[in-house]
Amino acid sequence: MKIGILAAGITPDVLQANYPTYAEMFAQQLTDIESRLEFEIYDVRLDEFPQSTTACDGWLITGSKCNSYDDDPWILRLCEFIREVDNNQQVLVGICFGHQIIARALGGTVTKSTAGWGVGVHHYQVTSEIPTLPGATDIAFCAFHQDQVINKPAKLDVFLTSDFCEFAGFIYKDRILTFQGHPEFSKEYESELVELYDGVTLTPDVANKARHTIKEESIQNKQLMSWIAQFLKP
């Protein structure tokens, strides 16, 4: 099973010596879970797109510091690619920016949220069962975003929600799975991001609250990444 990772963003320069890129995080973690998965990375920010959606069996779109509602040529091309993947009934997974751009491409609306930054470990209510977390009604994992989906596409069902982020996870049958948060982020990496952006894009109050959640809350990354691996494999 060959999965194409559409890299819409990359680890900040100052962290690259200690952490893999976002695309590599997925490739490494998912391969550890399911060795039959193979990965091809395309840097779509640089307009590196596959020749066809059939170049891979399934697709995953990473997070990004870019805005999914902008009209840069590569973003518009990515929207068209998403619609082709959907029309071809291929598997598609989206994370953060990926979650948002899939929603946009399929008829939803994304905007900069008036609620501000969602950073640190966030809790979400589970509205339909997660196979790798049977019976779970509340889960937690890292988030780092200011943009949110405010109108969902009609075809996508919500499986994660919270008071801060109404549309935090989408699913469509066994073909589309998206997360507003980052199941690929460790708490260590999230901490590095908070330190990097404290006083830059994050206010001290937001950064301090994020530090507290990272220290005190447990996360369900392994179970969520296992679900993504199951979703991607045949």
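Use the structure listed above.
Residues numbered from 1 in each chain as written. Predicted model: local features only at pLDDT ≥ 70, side-chain atom pairs only at ≥ 80, totals over all residues. Heavy atoms only, no water.

(A) Geometry of the overall build of the protein chain. Secondary structure summary: the protein chain contains 6 helices and 11 strands in total. Once the C-alpha set of the protein chain is aligned to its principal axes, its extents read approximately 45 × 40 × 35 Å. Residues classed as buried in the protein chain amount to 54% of the 234 residues present. Sequence-distant contacts, at least 24 apart, represent 72% of the contacts inside the protein chain between residues at least 6 apart. For the protein chain, the accessible area works out to roughly 10,400 Å², and carbon and sulfur atoms hold 47% of it. (Helix = DSSP H or I, 4+ residues; strand = E, 2+ residues; numbered from the N terminus. Buried < 20%, exposed > 50% of the residue type's maximum accessible area, 1.4 Å probe, protein only. Contact = heavy atoms within 4.5 Å. Areas by Shrake-Rupley, 256 points an atom, 1.4 Å probe, with all protein chains shown as cover.)

(B) Quick look at the sheet that holds strand β3 (residues 58–61). Taken in spatial order, the 9 strands make up an open sheet running β2-β1-β3-β4-β11-β10-β9-β6-β7, and their pairing is mixed. Since the sheet does not close on itself, it has two edges, and those belong to β2 (38–43) and β7 (138–145), each with one partner. Averaged over neighbouring strand pairs, the angle between their axes works out to 25° when direction is ignored. Contacts from helix α3 (residues 97–105) reach β3, β4 (91–95), β10 (169–172) and β11 (176–179), with the element oriented near 125° to β4. (Pairing = 2+ DSSP bridges. Axes fitted to C-alpha atoms, helices over the stretch in contact; angles between N-to-C directions.)

(C) Structural view of helix α6 (residues 221–232). For α6, built from 12 residues, the straight-helix expectation of 16 Å at 1.5 Å per residue is met to within 8% by its first-to-last C-alpha distance of 16 Å. When we look at burial in α6, the residues that qualify are Asn221, Leu224, Met225, Trp227, Ile228, Ala229, Phe231 and Leu232. (Expected span 1.5 Å × (residues − 1).)

(D) Region of interest: the pairing of β7. Across the 8 residues of β7, 7 count as buried, placing the element largely inside the fold. By the bridge criterion, 8 bridges tie strand β6 (residues 118–126) to β7 in an arrangement that is antiparallel. Paired with His122 across the two strands is Phe141, which belongs to β7.

(E) Structural context of the packing of aromatic side chains. A full pass over the atoms with the stated rule returns 16 aromatic pairs. Members of the aromatic cluster, connected to one another through ring pairs, are Tyr124, Phe141, Phe159, Phe179 and Trp227. The ring of Tyr172 has Lys155 lying over it, and the distance from NZ or CZ to the ring centre is 4.4 Å. (Phe/Tyr/Trp six-rings, centres within 6.5 Å; stacked < 30°, edge-to-face > 60°. Lys NZ or Arg CZ within 6 Å of the ring centre and 35° of its normal.)

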